[in-house]
Amino acid sequence: MSLFVSIGLLLIRLVIGVSFAAHGSQKLFGWFGGHGLKATGDSFDSMGMKPGYTMALLAGLAEFGGGLLFALGLLTPVAGILIAVTMLVAIIKVHGPSGFWATQGGYEYNLMLLVVGIGVAFTGAGLFSLDAVIF
């Protein structure tokens, strides 16, 4: 893999991974203006994702853990799939009914993140990753 491809993958992994980890920390810990697990669970319940607390915990863990793994380039295929599955659920349960465009609350942005997760899972993390060091 070329140096430039690895730098590109590193940039993608860091921005997407850290953003996902921060988003997950909102659900799990209430950090960065988040509401924490109980309130997020109540919100999930109201959207029909039951049991809300358990679903919020799973979503938070997938986002936080998957984001950290993605950023580090560790177990990258697993991290990419965690990101993709989280976004698939967001599309189906939240954004899908609003159509495609994010400006109308649609799934446009979620789809892009889903594809990035799958694309990096298939491509690999690049030279600047823990996967490259360990495996």
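Residues numbered from 1 in each chain as written. Predicted model: local features only at pLDDT ≥ 70, side-chain atom pairs only at ≥ 80, totals over all residues. Heavy atoms only, no water.

Digging into the overall build of the protein chain
Short version of the rule: What counts as a helix is a DSSP run of H or I of at least four residues, what counts as a strand is a run of E of at least two, and both are numbered from the N terminus. Atoms considered for the radius of gyration are the C-alpha atoms alone. The globule rule reads 2.2 Å times the number of residues to the power 0.38. The cut-offs for exposure are 20% and 50% of the maximum accessible area for each residue type, with area from a 1.4 Å probe on protein chains only; residues under the lower value are buried, those over the upper are exposed, and the others partly exposed. All accessibility values rest on the Shrake-Rupley procedure with a 1.4 Å probe; residue burial counts only the protein chains present in the view. Residues scored as positive are Lys and Arg, those scored as negative are Asp and Glu, and His as well as the terminal groups of each chain are ignored. By convention, charge coordinates are those of NZ in Lys, CZ in Arg, CG in Asp, or CD in Glu.
Scanning the protein chain for helices and strands turns up 6 helices and 0 strands. Reading the helices (α) and strands (β) of the protein chain from amino to carboxyl end gives α-α-α-α-α-α. For the protein chain, whose C-alpha radius of gyration is 15 Å, the value lies close to the compact-globule estimate of 14 Å for 135 residues. Overall, the C-alpha framework of the protein chain stretches about 45 × 30 × 20 Å when taken along its three principal axes. Looking at the protein chain residue by residue over its 135 residues, the buried ones come to 36%. Counting only carbon and sulfur atoms, one obtains 76% of the accessible surface of the protein chain, whose full area is about 7300 Å². Within the protein chain, the 5 negative side-chain charges are centred at a point lying 5 Å from the centre of the 5 positive side-chain charges.

Some points on the layout of surface pockets
Formally: Site definitions follow a grid-based scheme: protein atoms alone, a 1 Å grid, a 1.4 Å probe that fits but cannot get out for cavities, and for pockets an open set with protein on both sides within 12 Å along at least five of seven lines, plus lining residues having an atom within 4 Å of a point. Grid points are joined across faces, edges and corners, and a volume is the space filled by probe spheres set on the points.
Put simply, the largest pocket is a space of about 730 Å³. Lining the largest pocket are 31 residues, with His 23, Lys 27, Glu 63, Thr 86 and Met 87 positioned closest to its centre. Among the elements of the structure, helix H1 (3–29), helix H2 (36–46), helix H3 (52–72), helix H4 (76–95) and helix H5 (108–123) are those that each provide at least two residues to the lining of the largest pocket. In terms of residues, the lining of the largest pocket owes the most to one element, H4, which gives 8 residues.

Overview of the pattern of salt bridges
Keep this limit in mind: Should a side-chain nitrogen of Lys or Arg be within 4 Å of a carboxyl oxygen of Asp or Glu, the pair is scored as a salt bridge.
One pass over the full model with this rule turns up 3 salt bridges. Here Lys 38 makes a salt bridge to Asp 42, at a shortest N to O gap of 3.1 Å. Within this pair, Lys 38 and its partner Asp 42 are both found in helix H2, separated by 4 residues, close to a single helical turn. With a relative accessible area of 57%, Lys 38 lands in the exposed category. Its relative accessible area of 41% is what places Asp 42 among the partly exposed residues. Notably, a salt bridge pairs Lys 50 with Asp 45, separated by 3.7 Å at the nearest N-O pair. The class for Lys 50 is exposed, based on a relative accessible area of 57%.

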